[in-house]
Amino acid sequence: SSPSFFEGNSLAARDAKSLIHSYTNLSQHEKEGPLIIEKGKGIHVFDDSGKEYIEGLAGLWCTSFGFGEQELINAAIEQMQKLPYYHSFASKSTEPGIRLAEKLLDIAPVEFSKAFFVNSGSEANDTVVKLVWYYNNALGRPKKKKIIARMKGYHGVTVAAASMTGLPPLHNDFDLPIQGILHTSCPHYYRFGKDGESEEEFASRMADELEQLILSEGPDTVAAFIAEPIMGAGGVIVPPATYFEKIQAVLKKYDVLMIADEVICGFGRTGQMWGSQTFHIKPDILSCAKALSSAYLPIAAVMVSEDIFRGMVSQSEKHGAFAHGYTYSGHPVPAAVAMRTMELMEERNILEHVRNVSPRFLNRFAALADHPLVGEVRSCGLIGAVELVADKKTKRSFDPKHKAGHLAYLAMQDEGVISRAVAGDNMALCPPLIITESEIDEMFDRFERGLDKAA
Ligand code: PLP
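Residues numbered from 1 in each chain as written. Predicted model: local features only at pLDDT ≥ 70, side-chain atom pairs only at ≥ 80, totals over all residues.

Regarding the sheet that holds strand 4 (residues 114–118)
Inference 1: Read across the sheet, seven strands follow the order 4-10-9-8-7-5-6 without closing on themselves; strand pairing throughout is mixed. Looking at strand neighbours, the two that pair on one side only are strand 4 and strand 6 (181–184), the edges of this open sheet. Averaged over all adjacent pairs, the angle separating strand axes in this sheet is 20 degrees, with direction ignored.
Inference 2: Relative to strand 10 (residues 300–304), strand 4 runs antiparallel, the two sharing five bridges. Each residue of the ladder has a partner; that of Phe-116, found in strand 10, is Val-302.
Inference 3: Together, strand 5 (146–150), strand 6 and strand 7 (222–227) form the strand contacts of helix 9 (residues 199–217), whose direction differs from that of strand 6 by roughly 150 degrees. (Pairing = 2+ DSSP bridges. Helix = DSSP H or I, 4+ residues; strand = E, 2+ residues; numbered from the N terminus. Axes fitted to C-alpha atoms, helices over the stretch in contact; angles between N-to-C directions. Contact = placed C-beta atoms within 7 Å.)

In C-alpha cells form, the structure reads like this:
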C-alpha cells in the first residue's frame, strides 16, 4: 500500500482504524496498512488495484480447489435455501452431516468408529485433548492425562491447541502452555541431526528421546502424542525416514494414543488422501480441517476409534450427556460444501492429478538447492519450503533483525506470487491442488525472481 494510505477514507485506512490482524506485527500494520484481496479465480487472487497473484499458499494451506469453484458455491446455495442452519445437540441431525461423517469414515486412513464436527483446526485439536482426558477418566486412569507434542509443531491457537503448538510466539505472554502439555524434539534432520548421524539414526534418536520423556514423566501419566505428518507452520518439516514407525513403537509400548493432526496434510496434499498414509501413521484419533471444504466455509472434524467412542458412551451414561459441542457443530451448509468437495476430489481424480504434477513441483524445488540464499529444500506432494540461510556452509540462519524471510516474501509478492515466511525464514509453497504443470512453472519463476531480488 502507498505511504499515504491513511489519507482519505480508503479501504486500507479504514482497515487500520478498525481491524485487528492475526499473525501480524501490529505496529508495522498501523504504519503500512493491509494488502486487500478483492477477488479470486483458479489459483489466482487479485488485489484492490487489480494486481494479479498466484496464491502459492492456497490461502492458509487450505483452498485446495482454488478460488471460484462453482460446484462448491452451488452446494452452499442449495443447502442454504433448503435449511440454512440446524444443530446437532440433543440428538438433532441433518442429512449433510450424516453423509459427510459416513464419507470421512469411508476414506479414513484407518478404521475409525465416528466423526465429530467442529469449525476449525484449533477447535478440532482442543476437542481432541478433551476427548483424551474424558476417555482416560472413563477407563479409570485419572493420572494418565499428559499430552506430548513436538517443538515446532502447529496445532492452532485455542488454549489447549496453542499449548500443544511448539512455537514460542504462541506461548510468550499468553501464559501458555497449560499444565500437562509437554514437547519433545523436532525431527528436523538438517537442523538437529548430529555430525555423522544418518537420517535413520536421527529418527531412532528422536524415538529414544520420546521414550526418555515418557519414562521421566512416568508412563502412567502420559496419555497421548500428537503430530502433523509434515509440520506445516513450523517450517514444512518432512519427517526423516522411519521416524513415525519408530515413534509409534514407543507409543505402543507405553499405551500412549497416537493423534494425527491432518489439518494441512489431509485430503491429498502429500499425494495420498492422508499424510498418515504417506508416512505410515496409524492414528487412534485424527483431526482435519482446511481442505475438507476447500476452505469455502469453516468446517473441521475429529475422528475416533471404536475404543475411544465406547469410553465416551460410558461417560455420557454416567453424566447424562456428552457435554461438548459447538453451536455450529455439523452446520448443514459447510457440511454440504465439504461433501461436495469430497465428491469433486473423486470425480476429478484429484489424488491422481497431484501425483502427476508433483514431480514438476518437486523438481523445481530441488533446483533451488543451489541458490545462494537456500540452506535446505524440503518438499513432498504439493507442499514445500526453502530455508533461507546467511551462510550455506555453516547453515547459519539470518539474524532475525535482518527479516530475511519477510523481505523475500515482499519481493515475491512484488513478482506476483504469494508465499509466506513460516517459523523464521522458511519460504513455503502449498498451492491449490488443482494447479497445472505450466502454472507450477509460472509460480516458481515468480518465486525465484523474488528470491533473487531478496539476495
Ligand atoms: N493444525 C494444523 C496442522 C494447522 O496447520 C492449523 C492451522 O494452520 C491448525 C491446526 C489450526 O487450524 P485453525 O487455524 O483452523 O484453527
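More follows now that the structure is in view.
Quick word on the domain arrangement of the protein chain
Inference 1: Its domain assignment divides the protein chain into domain 1 (35–68 + 349–454) and domain 2 (72–347).
Inference 2: Taking the mean C-alpha position of each, domain 1 and domain 2 sit 26 Å from one another.
Inference 3: Listed per partner, the contact involves 26 residues of domain 1 and 28 residues of domain 2.
Inference 4: For the side of domain 1 that touches domain 2, the elements supplying multiple residues, two or more each, are helix 3 (58–61), helix 14 (350–366), strand 11 (374–380), strand 12 (383–388) and strand 15 (426–429).
Inference 5: Residue contributions to the side of domain 1 that touches domain 2 peak at five residues, all from helix 14.
Inference 6: Partitioned by chemical class, the residues of the side of domain 1 that touches domain 2 number 14 nonpolar, eight polar and four charged. (Domains from an automatic or database assignment. Nonpolar A, V, L, I, M, F, W, Y, C, P; charged D, E, K, R; others polar.)

Section: the site of the ligand
Inference 1: Around the ligand lies a shell of 15 residues, among which Ser-120, Gly-121, Ser-122, Gly-156 and Val-263 are the nearest.
Inference 2: Here the element with the most residues in the shell around the ligand is helix 6 (residues 121–138); it accounts for three residues.
Inference 3: Within the shell around the ligand, the residues separate by chemical class into six nonpolar, seven polar and two charged. (Near = placed C-beta within 6 Å.)

Digging into the packing of helix 6 against helix 12 (residues 306–319)
Inference 1: Remark: helix 6 packs on helix 12, axes separated minimally by 8 Å, with the N-to-C direction vectors making an angle of 70 degrees. By the criterion of interaxial angle, the relationship of helix 6 to helix 12 is roughly perpendicular. Here Leu-131, Tyr-134, Tyr-135, Asn-137 and Ala-138 of helix 6 come into contact with helix 12, specifically with Ile-308, Gly-311, Met-312, Ser-314 and Gln-315.
Inference 2: In terms of residue class, the contact of helix 6 with helix 12 is built from six nonpolar, four polar and no charged. (Parallel < 35°, antiparallel > 145°, perpendicular 65-115°, else oblique.)

As for the nonpolar core
Inference 1: One finds Ile-147 and Ala-301 to be the most contacted residues of the largest nonpolar core, which totals 135 residues.
Inference 2: With eight residues, helix 13 (residues 332–347) is the largest single contributor of residues to this core.
Inference 3: Counting contributing residues, this core receives three or more from each of domain 1 (35–68 + 349–454) and domain 2 (72–347).
Inference 4: Here Ala-301 is in contact with Leu-104, Ala-115, Phe-116, Phe-117, Ala-124, Cys-288 and Leu-292, once residues within four sequence places are set aside. (Core = buried A, V, L, I, M, F, W, Y, C linked by C-beta atoms within 7 Å. Buried ≥ 20, exposed ≤ 12 C-beta atoms within 10 Å, placed from the backbone.)

Section: helix 15 (residues 404–415)
Inference 1: Under the 1.5 Å per step criterion, the end-to-end length of helix 15 is 16 Å for twelve residues, consistent within 8% with the ideal 16 Å.
Inference 2: At its buried positions, helix 15 is contacted by strand 12, strand 13 (417–418), strand 14 (420–422), strand 15 and helix 16 (437–454).
Inference 3: Backbone geometry just downstream of helix 15 places Gly-416 in the positive-phi region, at approximately 95 degrees. (Expected span 1.5 Å × (residues − 1).)

A closer look at the environment of Ser-287
Inference 1: Checked against the element boundaries, Ser-287 lands in strand 9 (residues 285–288).
Inference 2: A sequence separation of 169 residues divides Ser-287 from Val-118, and the C-alpha atoms of the two residues are 9.9 Å apart.
Inference 3: What Ser-287 contacts, discounting residues up to four positions off in sequence, is Gly-121, Ala-124, Asn-125, Val-128, Asp-261, Glu-262, Val-263, Ala-300 and Val-302.

Here we look at the packing of helix 14 against helix 16
Inference 1: At a closest axis distance of 9 Å, the pairing of helix 14 and helix 16 adopts a crossing angle of 15 degrees. Relative to helix 16, the element helix 14 is oriented roughly parallel. As for the relative orientation of helix 14 and helix 16, their crossing is right-handed in sense. Each of Val-357, Arg-360, Phe-361 and Arg-364 in helix 14 lies in contact with helix 16, whose residues at this interface are Glu-437, Ile-440 and Phe-444.
Inference 2: Looking at the contact of helix 14 with helix 16 residue by residue, the classes come out as four nonpolar, no polar and three charged. (Left-handed = near helix turned anticlockwise from the far one by under 90°.)

Some words on the sheet that holds strand 15
Inference 1: Spatial strand order, 11-12-15-14: four strands in an open sheet with antiparallel pairing. Across the chains shown, the open sheet's two edge strands, defined by having one partner strand only, are strand 11 and strand 14. This sheet shows a mean twist of 25 degrees between the axes of neighbouring strands, independent of strand direction.
Inference 2: Summarising the sheet, strand 12 and strand 15 pair through four bridges and their orientation is antiparallel. Within the sheet, the bridge partner assigned to Val-386 lies in strand 15 and is Met-427.

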